[in-house]
Amino acid sequence: MQQQDKAFSHSHPSTDGANAWDQVRHARRIVVKVGSSLVTNQGQGLDAAAISEWARQLSLIVRGGPQGGAGQGTDNGQRREVIMVSSGAIAEGMKRMGMARRPRELHELQAAAAVGQMGLVQMYETMLRHYQLGSAQVLLTHADMADRERYLNARVTLLTLLKRGIVPVINENDTVVNDEIRFGDNDTLAALVANLVVADLLIILTDQNGFYTADPRKHPEATKVHLAQAGDVALEAMAGGAGSAIGTGGMLTKVLAAKRAARSGASTIIAWGRERDILPRLMGGEHNIGSLLYAPMHKLQARKQWLADHLQLHGAVVIDAGAVSKIASEGKSLLPVGMVAVRGAFTRGEVIAIEDESGRQIGRGLANYNDQEARKLCRHSSDDIEGLLGYVAEPEMVHRDNLVLV
Ligand SMILES: Nc1ncnc2c1ncn2[C@@H]1O[C@H](COP(=O)(O)OP(=O)(O)O)[C@@H](O)[C@H]1O
Ligand SMILES: N[C@@H](CCC(=O)OP(=O)(O)O)C(=O)O
């Protein structure tokens, strides 16, 4: 079917994907996912050399360089923010617990993950520190993302870490869930994280050079799909299951992850994690490595769509003319100081309407505070939040990333 280095063309006009690689080069917030099949030594324990190598590459791209690339340069060597989503806990736990084969019982897998996670984060911490990068462990589940309040909590924590230049190292919280272990779904988790932080790019590193027209282990004639639109159903038919004993999701979870990441405007690259200098080369704009599944919608448009899907309004805040101009003309967040009244009952994380003083709806967004707290915050500076509520969730009532104008 498609040849390597040729655009995957039958269902997407090239104009859509024409500047997709250029957008990769300009990506500033990136989620990198490393799969079990890659992070382990033949499924037994972690591959320290590989993790050290990714740490080195992460340090290069975080500091803004495409040093391994063709010298094309990024925009002004600006820093990038990177989140690592890494599997490997079960494989490391199996080694530490002397299990020769992947256990069948879910509770055994969960126990192995709990043991192995210690080694996994320890290794990332050591390797990243060697390259002068701070790291943090974050364990999440799909359910955490579905719950609005936890969603906002996870989001603000991750953004705080990123702002401080720290690399969050995320895995599933395998102790409390088992669906993910069964379906091997760190790919979905990585996409959910990309949605959560509104990433520009998701890079899924795996044990194949990219996404092929069929599983290359079973179909040697398969060719690499160089460029395709995320969400194209044709991709799902080409994706097979995991080819190795240690990997779980195979390519289907990866193309579905790309589709999900695209919902918040992030494109996805699927590439071989052991390719020399893979991360700086991708960020340097090299086109011939990996498969790019580009997001058809830009971030802003995607965000509007996302909020449109969550339109059930739970209340409203009324804002003054100054705040209307800040959010409507300048694209700023809504701060408590601009709020004059609050209507209805809502909790943190629910969608509220934002109205001007004549009752006209200006926008909608996710509330950072519940209605009772919001009432206390009206007309106050963000510096007063702690005094008024006894804590500060966020300085804004609605962050601009979670706000759309109507
Ligand atoms: N269309 C495809 N293109 C490439 N690889 C495929 C495809 N379909 C299935 N695979 C298989 O998916 C495997 C990668 O998935 P998996 O083992 O779950 O990796 P990871 O642990 O990185 O998530 C590959 O080794 C390959 O055998
Ligand atoms: N959270 C578990 C399972 C991860 C997982 O689903 O693996 P994969 O889809 O192969 O990246 C672990 O760290 O081993």
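Only a predicted model underlies this, so the values are computations on that prediction, with no experimental measurement involved. (Residues numbered from 1 in each chain as written. Chains lettered and ligands numbered in written order. Predicted model: local features only at pLDDT ≥ 70, side-chain atom pairs only at ≥ 80, totals over all residues. Heavy atoms only, no water.)

### Focus on the packing of helix H5 (residues 89-96) against helix H6 (residues 106-130)
One can describe the packing of H5 onto H6 by two numbers: an axis separation of 6 Å at closest approach and a directional angle of 100°. Overall, the two elements H5 and H6 adopt an arrangement that is roughly perpendicular. Residue-level contacts link Ala-89, Ile-90, Glu-92, Gly-93, Met-94 and Arg-96 of H5 to Leu-109, Ala-112, Ala-113, Val-115, Gly-116, Gln-117, Met-118, Gly-119, Leu-120 and Gln-122 of H6. The residue makeup of the contact of H5 with H6, split by class, is nine nonpolar, five polar and two charged. (Axes fitted to C-alpha atoms, helices over the stretch in contact; angles between N-to-C directions. Helix = DSSP H or I, 4+ residues; strand = E, 2+ residues; numbered from the N terminus. Parallel < 35°, antiparallel > 145°, perpendicular 65-115°, else oblique. Contact = heavy atoms within 4.5 Å. Nonpolar A, V, L, I, M, F, W, Y, C, P; charged D, E, K, R; others polar.)

### Side note on the site of ligand 2
Around ligand 2, the structure places 14 residues, and the nearest of them are Lys-33, Ser-87, Asn-171, Glu-172 and Asp-174. In this structure, an oxygen atom belonging to ligand 2 sits 2.6 Å away from a side-chain N or O atom of Ser-87. Side-chain polar atom of Asp-174 to a nitrogen atom of ligand 2: 2.8 Å apart, as the coordinates give it. Here ligand 2 has 380 Å² of accessible area as a free molecule, and 96% of this is covered by the chains. (Near = heavy atom within 4 Å. Polar contact = N/O pair within 3.5 Å; in protein donor to acceptor, adjacent residues only side chain to side chain. Areas by Shrake-Rupley, 256 points an atom, 1.4 Å probe, with all protein chains shown as cover.)

### Remarks on the UniProt feature "binding site: substrate" (unreviewed entry) in the protein chain
When the UniProt feature table is mapped onto this chain numbering, "binding site: substrate" (unreviewed entry) sits at Ser-87, Asp-174 and Asn-186. Spatially, the listed residues are clustered: although they cover 100 residues, their C-alpha atoms lie within 10.8 Å of one another. With respect to the element layout, Ser-87 can be found in the loop between strand E2 (81-86) and H5. The contact partners of Ser-87, leaving out residues within four places of it in the chain, are Lys-33, Val-34, Gly-35, Ser-36, Val-39, Leu-120, Asn-171 and Asn-186. Examined against the element boundaries, Asn-186 turns out to sit in helix H10 (residues 186-196). In contact with Asn-186, not counting residues within four places along its chain, are Lys-33, Val-85, Ser-86, Ser-87, Asn-171 and Glu-172. (UniProt positions renumbered as here; feature names shortened; annotations may be inferred.)

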